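# Survey of secondary and tertiary structure
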Amino acid sequence: MSANLNFADVRLNYDPSQPQQRFRNAGLEAAFLAPAAQLPHAIPWPAGTEPTPITLTPPPLDTDDLSRFEGYDAVVVTWTSAEAAALASLFTPANPTSTWFLYRHNVAQYIPLVTGGVAPFNDDTPEMARYYHTLALYFPCQIGKAKVLLVKSGLHLDYDGPATPVKKLMTEIAQTVRPKLFITTGTGGGIGSEVLLGDVVIAGEVRFDCRTQFKNEPWHDAVFSPSKLPAGALAAITPALTQPNASRIPNARPTPKIWSSASDAIVTTDFFAFDDSTNFYKLQGLGQACDMGDAMVASALQGIPNLSWHAIRNASDPQIPNPTNSIKQAGDAAAQIYAKYGGLTTAASVISTWAVIHSATH
């Protein structure tokens, strides 16, 4: 992988549904694959529970608020282009993310808050036009009786600067829509050798592990407990649903392991970290997957009444072998794995998200 491509760009912005030319130019292997090879295949949802898109008439303007969705049962927030593409392929299959609506309501309030030099929000290059000064992409769908608002955040804890505008955005969404259920989900780096590519962590605990830009904040190591899983949620994540796409992932379990005990944790870092065999970033022992957002969502949702919340991550890259003690080479390897399998591994966390929504609302 060329020196002008970093894992942060791959992880946040690589879109397997429409691989961007800059990733081909940088030698990212996945960018030369067909989108169909990188995205989940349709799965046999139980009758009456299959996610279906909701048509909005008239379609919303970019400047509209989200009040037309007030009273929806659930909000699902995802973060990266690969995650959103996979979510769309299973929850809004006739509506890929290229057709999702742009959320730019009161964006002028956010522009001075987003000061990060590599924030997608501030990227005005042609390939990033849909994300420039866009707070989120969104689309509604229905699962059984439940109405669900799907959101791909345009803001990111680690890249937007010290004002943490993503906390403001998550609070705004929760307070406007007032759902019963709020799920943050997506890809994550597996921590430890026992978490394999494609496994899913439904967090019993979400914690910050801030060691760089937010290390002096009072919340730098704060821990949050998600809501109790609804009865039947784990049983609803059946092999019939997970196997069709897990079987397409090399070195993955035929049926993904679902890590869901009270001590199974998602670790939110304030920089791009991943686990390798040398434990370079000191993640081992803190949890089963690392991400860059879930604990801030948990923080934003504290104190909002009558709201259940969950954090669900799939291991889109496993612990990376690092026999030469080169964290740069390990990072390059993790980037290639993420790009190839981020979309496919996300199928299992999308199914887990569906199971939580279905079990909580049917």
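Remember, it's a predicted structure, so these values are computed and weren't measured experimentally.

A few words now on the overall build of the chain. Helix and strand content of the chain: 9 helices and 13 strands. The C-alpha atoms of the chain give a radius of gyration of 19 Å, which matches the 21 Å a tight globule of 362 residues would have. Counting only C-alpha atoms, the chain reaches 55 × 45 × 40 Å along its principal axes. Taking all contacts inside the chain whose residues are at least 6 apart in sequence as the whole, residues at least 24 apart take part in 77%. Carbon and sulfur atoms form 54% of the exposed surface of the chain, whose accessible area is close to 13,700 Å².

What follows is about the pattern of salt bridges. If the charged atoms of two oppositely charged side chains come close together, the side chains can form a pair. Within the structure shown, the criterion is met by 14 salt bridges. Residue Glu70 pairs with Arg178 through a salt bridge whose shortest N-O separation is 2.9 Å. Residue Glu70 is located in the loop between β1 (52-53) and β2 (74-78), and its partner Arg178 is located in the loop between α5 (165-177) and β6 (181-190); the two are separated by 108 residues in the primary sequence. Judged by its relative accessible area of 58%, Arg178 is exposed. Residue Asp332 pairs with Lys328 through a salt bridge whose shortest N-O separation is 2.8 Å. Taken together, the residues Asp332 and Lys328, both in helix α9 (residues 327-361) and 4 residues apart, mark about one turn of the helix. Overall, the relative accessible area of 18% leaves Asp332 in the buried class. Its relative accessible area of 48% is what places Lys328 among the partly exposed residues. Within the structure, one salt-bridge network assembled from shared partners comprises Glu83, Asp291, Asp294 and Arg313.

What follows covers the packing of aromatic side chains. Inspection of every chain in the model, using the stated rule, returns 16 aromatic pairs. For the ring pair Phe69 and Tyr72, a centre distance of 5.3 Å and an interplane angle of 80° mean the geometry is edge-to-face. With a relative accessible area of 0%, Phe69 lands in the buried category. Take Tyr72: its relative accessible area is 8%, and that puts it in the buried class. Between the aromatic rings of Phe214 and Trp219, the centroid separation amounts to 5.2 Å while the plane-to-plane angle is 45°, which identifies the pairing as tilted. Following the ring pairs from residue to residue traces out a cluster consisting of Phe69, Tyr72, Trp100, Phe101, Tyr103, Tyr138 and Phe139. It is Lys168 that lies over the ring of Tyr110; its NZ or CZ is 5.1 Å from the centre. Above the ring of Trp259, the side-chain terminus of Lys257 is found at 3.8 Å from the ring centroid.

What follows deals with the packing of helix α4 (residues 81-91) against α9. Packing of α4 against α9 leaves a shortest axis separation of 8 Å and a crossing angle of 50°. Considering the angle they form, α4 stands oblique to α9. α4 and α9 meet at a crossing whose hand is right-handed. Residues Ala82, Glu83, Ala86, Leu87, Leu90 and Phe91 of α4 pack against Tyr338, Gly343, Thr346, Ala347, Val350 and Trp354 of α9. When the residues that make up the contact of α4 with α9 are grouped by side-chain class, the tally is 9 nonpolar, 2 polar and 1 charged.

The rules behind each value
Residues numbered from 1 in each chain as written. Predicted model: local features only at pLDDT ≥ 70, side-chain atom pairs only at ≥ 80, totals over all residues. Heavy atoms only, no water. Helix = DSSP H or I, 4+ residues; strand = E, 2+ residues; numbered from the N terminus. Rg over C-alpha atoms; globule rule 2.2 N^0.38 Å. Contact = heavy atoms within 4.5 Å. Areas by Shrake-Rupley, 256 points an atom, 1.4 Å probe, with all protein chains shown as cover. Salt bridge = Lys/Arg side-chain N within 4 Å of Asp/Glu carboxyl O. Buried < 20%, exposed > 50% of the residue type's maximum accessible area, 1.4 Å probe, protein only. Phe/Tyr/Trp six-rings, centres within 6.5 Å; stacked < 30°, edge-to-face > 60°. Lys NZ or Arg CZ within 6 Å of the ring centre and 35° of its normal. Axes fitted to C-alpha atoms, helices over the stretch in contact; angles between N-to-C directions. Parallel < 35°, antiparallel > 145°, perpendicular 65-115°, else oblique. Left-handed = near helix turned anticlockwise from the far one by under 90°. Nonpolar A, V, L, I, M, F, W, Y, C, P; charged D, E, K, R; others polar.

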